[in-house]
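Each chain, written out:
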Amino acid sequence: AQSVTQLDSHVSVSEGTPVLLRCNYSSSYSPSLFWYVQHPNKGLQLLLKYTSAATLVKGINGFEAEFKKSETSFHLTKPSAHMSDAAEYFCVVSDPGNTGKLIFGQGTTLQVKP
Amino acid sequence: GAGVSQSPSNKVTEKGKDVELRCDPISGHTALYWYRQSLGQGLEFLIYFQGNSAPDKSGLPSDRFSAERTGGSVSTLTIQRTQQEDSAVYLCASSSDGSWAETQYFGPGTRLLVL
């Protein structure tokens, strides 16, 4: 069975400093992995996705994530946080055993301080 | 182009009433999903439609929940005899072909409050 664990429910950084949001997954297959962002009272927006091509995936707004099979991790990073990055971030897994149903992590709230 | 749209954006109802939530997927997308986002349960899958195939209803929490998709496009999620625990944001998503690696595009959601 698939599962996703986001290791931090809340992360606080200062503007201009690096961001690291941690995600571990479990899957019986080679999964697809996604990061979605949700700003307050908004829908979910895709940041980036991994589908077995390059292990380092670049997304929108300067975010990137690295797929590490040996560590079953897919951590999200950004070199320099901006105030507009404050939002909730979801790590998501999908695999062939589950016909496209997405399994979501519990979410990480990113706070960016001025 | 137009994204996924949902209506209403907010719905307040009394316990025991029925509600209908609507989703318009991206034009041409054959797969449509419903998810629920609640404080206690996070984001959870409800139901999945792919083309003319029988829907995957494995995530529906009770028989009070049902959904249909007419003409392979618009979908309606119906909750009968609403309960307070049904209060949540109901999200709809669509993807081009429903395969497991395809990106799902989400609508803004319907926020349901059951009093």
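Before reading on, note that the structure itself is shown above.
Since we're looking at a predicted model, the values are computed, not measured. (Residues numbered from 1 in each chain as written. Chains lettered and ligands numbered in written order. Predicted model: local features only at pLDDT ≥ 70, side-chain atom pairs only at ≥ 80, totals over all residues. Heavy atoms only, no water.)

**Remarks on the layout of surface pockets**
Taken as a whole, the largest pocket encloses approximately 480 Å³ of empty space. If you trace the largest pocket, you find 23 residues lining it, with Gln38 and Asn41 of chain A together with Gln37, Val89 and Arg111 of chain B closest to the centre. Counting only elements with at least two residues in the lining of the largest pocket, the list comes to β10 (87-94) of chain A together with β4 (31-38), β8 (88-95) and β10 (110-114) of chain B. Its residues placed into classes, the lining of the largest pocket shows 8 nonpolar, 12 polar and 3 charged. (1 Å grid on protein atoms, 1.4 Å probe; cavity = no way out; pocket = protein on both sides within 12 Å on 5 of 7 lines; lining within 4 Å. Points joined across faces, edges and corners; volume = space filled by probe spheres on them. Helix = DSSP H or I, 4+ residues; strand = E, 2+ residues; numbered from the N terminus. Nonpolar A, V, L, I, M, F, W, Y, C, P; charged D, E, K, R; others polar.)

**Looking at the pattern of salt bridges**
The tally for this structure, following the rule as stated, stands at 7 salt bridges over all chains. Asp85 of chain A is paired through a salt bridge with Lys78 of chain A; the nearest N and O atoms lie 2.8 Å apart. For the pair shown, Asp85 of chain A and Lys78 of chain A are each scored as buried. In this structure, the salt-bridge partner of Glu44 of chain B is Arg36 of chain B, at a minimum N-O distance of 2.9 Å. On the basis of relative accessible area, Glu44 of chain B is assigned to the partly exposed category, the value being 22%. (Salt bridge = Lys/Arg side-chain N within 4 Å of Asp/Glu carboxyl O. Buried < 20%, exposed > 50% of the residue type's maximum accessible area, 1.4 Å probe, protein only.)

**Quick look at the side chain of Ser73 of chain A**
Residues and elements named next belong to chain A. Here Ser73 lies in strand β9 (residues 73-78). According to the relative accessible area criterion, Ser73 is buried, its value standing at 1%. Ignoring any residue separated from it by four or fewer positions in sequence, one finds Ser73 in contact with Cys23, Asn24, Tyr25, Glu66, Phe67 and Lys68. (Contact = heavy atoms within 4.5 Å.)

**Focus on the interface of chain B and chain A**
Across the contact, 22 residues belong to chain B and 22 residues belong to chain A. With both sides pooled, the region where chain B packs onto chain A buries about 1,700 Å², and carbon together with sulfur makes up 55% of that total. Of all residues in chain B, Leu43, Trp100 and Phe106 of chain B give up the largest surface area on contact with chain A, accounting jointly for 39% of the area buried on that side. Between Asp56 of chain B and Lys101 of chain A there is a salt bridge, with the nearest N and O atoms lying 3.4 Å from each other. (Buried area = accessible area lost by both parts, 1.4 Å probe.)

**Overview of the pairing of strand β1 (residues 3-6) of chain A**
Residue and element names in this part refer to chain A. Side chains of β1 alternate between two faces, with Val4 and Gln6 buried and Ser3 and Thr5 left unburied. Where β1 lies against strand β4 (residues 23-26), 4 bridges are found, and the strand directions are antiparallel. Paired with Gln6 across the two strands is Cys23, which belongs to β4. (Pairing = 2+ DSSP bridges.)

**What to know about the state of the cysteines**
Applying the stated criterion to the full structure yields 2 disulfides over all chains. Between the sulfur atoms of Cys23 of chain A and its disulfide partner Cys91 of chain A the distance amounts to 2.0 Å. Disulfide Cys23 of chain A-Cys91 of chain A: the torsion about the S-S bond is -70°, which places it as left-handed. Taken as a pair, Cys23 of chain A in strand β4 and Cys91 of chain A in strand β10 lie far apart in primary sequence, 68 residues in all. Classification of Cys23 of chain A as buried rests on a relative accessible area of 0%. Sulfur-sulfur distance for the disulfide between Cys23 of chain B and Cys92 of chain B comes to 1.8 Å. Handedness of the Cys23 of chain B-Cys92 of chain B disulfide follows from its S-S torsion of about -65°: it is left-handed. With Cys23 of chain B in strand β3 (residues 19-24) and Cys92 of chain B in strand β8, this residue pair connects regions lying 69 residues apart in the sequence. (Disulfide = S-S within 2.5 Å.)

**Observations regarding the packing of aromatic side chains**
Applying the stated criterion to the full structure yields 14 aromatic pairs over all chains. Measuring from ring centre to ring centre gives 6.1 Å for Phe104 of chain A and Phe106 of chain B, while their planes differ by 75°; the resulting arrangement is edge-to-face. Of the two residues, Phe104 of chain A sits in strand β11 (residues 103-104) while Phe106 of chain B sits in strand β9 (residues 105-106), which places them in two different chains. Judged by its relative accessible area of 7%, Phe104 of chain A falls in the buried class. Centre to centre, the rings of Tyr33 of chain B and Tyr48 of chain B are 4.7 Å apart; their planes meet at 10°, and the pair counts as stacked. On the criterion of sequence distance, the pair formed by Tyr33 of chain B in strand β4 and Tyr48 of chain B in strand β5 (residues 42-50) is long-range, its members being 15 residues apart. (Phe/Tyr/Trp six-rings, centres within 6.5 Å; stacked < 30°, edge-to-face > 60°.)

In short, geometric facts, not functional conclusions.
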